Amino acid sequence: MHISIGPESTYLPEDPEVDSLIASQDPETVARVRPDSPLAWAVLAQDAWDHGDELESYAFARVGYHRGLDLLRRNGWKGKGPVPYSHEPNRGFLQALYCLGRAAEAIGETDEVTRISEFLDDCDPSARAQLEK
């Protein structure tokens, strides 16, 4: 007998189209072709961050976060529970969440920093270490 404690992990489906687009096109084009992809928005958030545009990074990450929440809910997530970083299709959402917290801190959105940090740790406590690399 298997006893489950807490909610089951959520594993987003693979999206070969987005993976192919990310590999071959600039992130803005990918977001235009697949605006539902949290990964596309997370890549845009990271690019904006790398170019020193904290506010733009925040905006892109916010979109990726919400697209990711939509995708998680469509795949059985009930508002809490693990979203393992080890499952590659989950990484777009987790990256958007991480980028959102980082940009929120940069623009002084203190309450959101705490909330996002706790949410990321609830999803996968090991994700932050992977995303900070």
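As shown above, the structure is provided for reference.
This next bit is on the environment of Ala61. Inspection of the secondary structure puts Ala61 in helix 4 (residues 54-74). A relative accessible area of 0% means that Ala61 is categorised as buried. Residues within four places of Ala61 in sequence aside, it is in contact with Ala45, Ala96, Cys99 and Leu100.

If you trace the backbone, Asp124 turns up in the loop between helix 6 (110-123) and helix 7 (127-131). Notably, Asp124 is buried but unbridged: the nearest opposite-charge side chain belongs to Arg91, and the N-O separation is 8.2 Å. Excluding its chain neighbours within four sequence positions, the residues that come into contact with Asp124 are Val83, Pro84, Tyr85 and Ser86.

So, on to the nonpolar core. Residues Tyr65, Phe93, Leu94, Leu97 and Phe119 are the most contacted members of the largest nonpolar core, which totals 33 residues. At the level of secondary structure, the elements contributing two or more residues to this core comprise helix 2 (27-33), helix 3 (38-50), helix 4, helix 5 (91-106), helix 6 and helix 7. Per-element accounting of this core gives the leading share, eight residues, to helix 5. The residues contacting Phe119, other than those within four sequence positions of it, are Tyr65, Leu69, Trp77, Phe93 and Leu97.

This part covers the packing of aromatic side chains. Evaluated as defined, the whole model comprises five aromatic pairs. When the centroid spacing of 6.2 Å and the interplanar angle of 85 degrees are considered together, the rings of Tyr65 and Phe119 count as edge-to-face. You can see Tyr65 sitting in helix 4 and its partner Phe119 sitting in helix 6, a full 54 residues away along the chain. Using a relative accessible area of 7% as the deciding quantity, one classes Tyr65 as buried. The buried category is assigned to Phe119, whose relative accessible area is 14%. Among the aromatic residues, those joined into a ring-pair cluster are Tyr65, Trp77, Phe93 and Phe119. The residue whose ring lies beneath Arg91 is Tyr85, and the NZ or CZ to ring-centre distance is 4.4 Å.

Let us look at the environment of Leu100. Looking at where Leu100 falls in the secondary structure, it is placed in helix 5. On the basis of relative accessibility, which here comes to 0%, the residue Leu100 falls in the buried class. It is 8.7 Å that separates the C-alpha atoms of Leu100 and Gly64, two residues lying 36 residues apart in sequence. Beyond its immediate chain neighbours, meaning those up to four positions away, Leu100 contacts Tyr58, Ala61, Arg62, Tyr65, Glu112 and Ile116.

What counts as what
- Residues numbered from 1 in each chain as written.
- Predicted model: local features only at pLDDT ≥ 70, side-chain atom pairs only at ≥ 80, totals over all residues.
- Heavy atoms only, no water.
- Helix = DSSP H or I, 4+ residues; strand = E, 2+ residues; numbered from the N terminus.
- Buried < 20%, exposed > 50% of the residue type's maximum accessible area, 1.4 Å probe, protein only.
- Contact = heavy atoms within 4.5 Å.
- Lys, Arg positive; Asp, Glu negative; His and termini not counted.
- Salt bridge = Lys/Arg side-chain N within 4 Å of Asp/Glu carboxyl O.
- Core = buried A, V, L, I, M, F, W, Y, C linked by side-chain atoms within 4.5 Å.
- Phe/Tyr/Trp six-rings, centres within 6.5 Å; stacked < 30°, edge-to-face > 60°.
- Lys NZ or Arg CZ within 6 Å of the ring centre and 35° of its normal.

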